[in-house]
Amino acid sequence: MRYSVFSLLANALTGQKGWKPAWRDAAPKPAYDVIVVGGGGHGLATAYYLAKEHGIRNVAVIEKGWIGSGNAGRNTTIIRSNYLLPGNEPFYEWSMKLWEGLEQDLNYNAMVSQRGVLNLCHTDAQRDAYARRGNAMRLNGADAELLDQDGVRAMYPFLDFENARFPIKGGLLQRRGGTARHDAVVWGYARGADRLGVDIVQNCEVTGFIRENGAVVGVETTRGPIRAKKVGLAVAGSTSRLTSKLDMRLPIESHVLQAFVSEGLKPLIDGVITFGAGHFYVSQSDKGGLVFGGDIDGYNSYAQRGNLPVVEDVAESAMALIPRLGRVRMLRSWGGVMDMSMDGTPIIDLTPIPGLYLNTGWCYGGFKATPASGWCFAWTLAKDAPHALNAAMRLDRFRTGHIIDEKGVGAQPNLH
Ligand SMILES: Cc1cc2nc3c(=O)[nH]c(=O)nc-3n(C[C@H](O)[C@H](O)[C@H](O)COP(=O)(O)OP(=O)(O)OC[C@H]3O[C@@H](n4cnc5c(N)ncnc54)[C@H](O)[C@@H]3O)c2cc1C
C-alpha cells in the first residue's frame, strides 16, 4: 500500500483497520539468484537497488536477528559528505544526493533532517586542513563553508571558545549534512525491497557456506541450506567471523563503538557539532535527548557493549567543549561492533572466491553511506564489476598499496 495523506485519512475514518504489515516475514526458499547476508541498512539497501535498478528480484536478505538489530539501529544517525580524498568524496556525495531523494523514492518518512554538520578546528594547522577539505568537497559538488570564530559563535555561543588547551578557532560547516532516523531508514528500505519481491528472512543465522569447485554457491543457515548464484556479505563487525569459515583473512578489526543519550532537554543544539581535538560529537534528537559518541574501545571485541574508560574519555571531551553538559544527566549508553578497516575506508568489491562479494570496513561512518553503499554493492553484484564510485574501494588495495587513508594516520583503527 502507498502511504499518503489519503491513506492516512481513509484509515483514520475506518478505525485504523486497513494498514498492512510494511514487509512480509518470509520463510527461506531453497534457492535465489542473490543472497545478501545481513539485514542492516546496507544489506537491505543492496537488495532494494538490486531489484529497483537491475531488475534482479529473486533476492533474499538473510538476517540472524531482526532487521536493524546491528549497527544500523545503534548509531548516532549523522549523515554528511565532508570527505577529502578522490576515492571517498564522490561516493559520499552520491550518498548525500540519494538521502535527499530517499523519502520520495521509498515513500517512507526516514526523518532526513539537513540541520548542518559543523567540524570545529582548534589550531591554525587544522584550519588549513579544513580549508583544503572544504575545497575538495566543493570541487566534487558538495557544499562547504569555512567559518571563523565569530561565525561559530553566532551559531553556538555556549561553546568554550577560550578553552586553554583547545581554543575554538573556527570550523568547517556542511549545511546539507545532518541526521536521519536510523530505524526508519531500515524499515523504509525493507518495505521498498519487499514491495519489489525481495524475501526478508529474519531469525536465520548464516553459519557457513556451500562450496562447489572452489566457488560459493549458497549458505548454510540455522534454517537449513539456501543456494544462490551470488552471495554478498553486509554483516559489518561480523565480517571476519564469516570469512574465517572460508579461510579468508581480511584487513579488518572488530571493535566496540559506544554512544550515549542524555535526559530530554529543551532545544539546545539544532545541528551536529564535532570536537576537533578528540573523538566527540553531539546532536539533539527530536525527543530532546543529547546524542553523543566518541572513540572505539581500545581492544578487539564482538561484544555489543563497551567499557567505562571510554565513557570517561567522552565525558572529558564533552566538558572541554560544552562545560554546561556537566549538569546534564546521562540516560542510556549502548555499543555496536564496528568493522574497522586498516585505512579507514570501506571495501565494496568482488573477492578472490567466485560467487562471494564483500561490503565491509565501514569504521565509524557507515550509516551516512547506507544509500550509496547499497547502490554500489548492488551494481557490483549485478555486473560483476565495481561502479566508478566504488572502484577505489577494492580489497586488494592493501596488497598493491593503493590505500585510501583519509586521515593519513596509517593502520590505527582508533584514529579513523
Ligand atoms: C555507536 C555507534 C555510532 C555510530 N554513529 C554513526 C554516525 O553517526 N554516522 C554514521 O555514518 N555511522 C555511524 N556508525 C556506523 C554505522 O552504524 C555502521 O557503519 C553502519 O550502520 C553499518 O551498517 P550495516 O548495515 O553494514 O551493518 P549492521 O547494521 O550491523 O548490519 C549487519 C547485520 O548483519 C547481521 N549478521 C551478522 N552476522 C550474521 C550472520 N552470520 N548471519 C546473518 N546475519 C548476520 C547482524 O545481525 C546485523 O543486523 C555508528 C556505529 C555505532 C555502533
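- Looking up the chain in an unreviewed UniProt entry gives the name Sarcosine oxidase subunit beta, with the organism given as Azorhizobium caulinodans.
- Under the heading Sequence similarities (unreviewed entry), UniProt records this for the chain: "Belongs to the SoxB family."
- As its UniProt record puts it under Subcellular location (unreviewed entry), the chain is described as follows: "Cytoplasm".

1. A look at a nonpolar patch on the surface
Then, in step 1: On the surface, a cluster of nonpolar side chains totalling about 290 Å² of accessible area is made up of Met1, Leu8 and Trp19.
Then, in step 2: Note on placement: Met1 falls in the segment before helix H1 (5–13).
Then, in step 3: Met1 sits in the partly exposed class, given a relative accessible area of 39%.

2. A short note on helix H8 (residues 308–321)
Then, in step 1: Look at H8: 20 Å from first C-alpha to last across 14 residues, which is about the 20 Å you get at 1.5 Å a residue.
Then, in step 2: Turning to H8, its buried residues number three or more, namely Val310, Val314, Ser317, Ala318, Ala320 and Leu321. An end-on view of H8 places all buried positions within 165 degrees of arc, on one side of the element. Exposed residues on H8 whose side chains face more than 90 degrees from its buried face are Leu308, Pro309 and Glu312.
Then, in step 3: Buried residues along H8 sit against strand S4 (117–121), strand S12 (252–264), strand S13 (272–274) and strand S15 (289–300).

3. Quick look at the site of the ligand
Then, in step 1: Lining the immediate environment of the ligand, one finds 38 residues, of which Glu63, Asn71, Ala72, Thr76 and Lys368 sit closest.
Then, in step 2: Contact distances for the ligand include 3.0 Å between an oxygen atom and a backbone N or O atom of His42.
Then, in step 3: Coverage of the ligand by the protein chains reaches 96% of its 1,000 Å² of free accessible surface.
Then, in step 4: A total of three residues in the shell around the ligand trace back to one element, the largest contributor, which is S12.
Then, in step 5: Its residues assigned to classes, the shell around the ligand shows 17 nonpolar, 16 polar and five charged.
Then, in step 6: Counting residues domain by domain, the shell around the ligand receives three or more from each of domain 1 (25–81 + 84–107 + 182–252 + 343–399) and domain 2 (114–178 + 253–340).

So, how was this worked out
- Residues numbered from 1 in each chain as written.
- Predicted model: local features only at pLDDT ≥ 70, side-chain atom pairs only at ≥ 80, totals over all residues.
- Heavy atoms only, no water.
- UniProt positions renumbered as here; feature names shortened; annotations may be inferred.
- Patch = residues over 30% accessible without salt bridge, like charges linked within 9 Å, V, L, I, M, F, W, Y side chains within 5 Å.
- Areas by Shrake-Rupley, 256 points an atom, 1.4 Å probe, with all protein chains shown as cover.
- Salt bridge = Lys/Arg side-chain N within 4 Å of Asp/Glu carboxyl O.
- Helix = DSSP H or I, 4+ residues; strand = E, 2+ residues; numbered from the N terminus.
- Buried < 20%, exposed > 50% of the residue type's maximum accessible area, 1.4 Å probe, protein only.
- Expected span 1.5 Å × (residues − 1).
- Arc of directions from axis to C-beta.
- Contact = heavy atoms within 4.5 Å.
- Near = heavy atom within 4 Å.
- Polar contact = N/O pair within 3.5 Å; in protein donor to acceptor, adjacent residues only side chain to side chain.
- Nonpolar A, V, L, I, M, F, W, Y, C, P; charged D, E, K, R; others polar.
- Domains from an automatic or database assignment.

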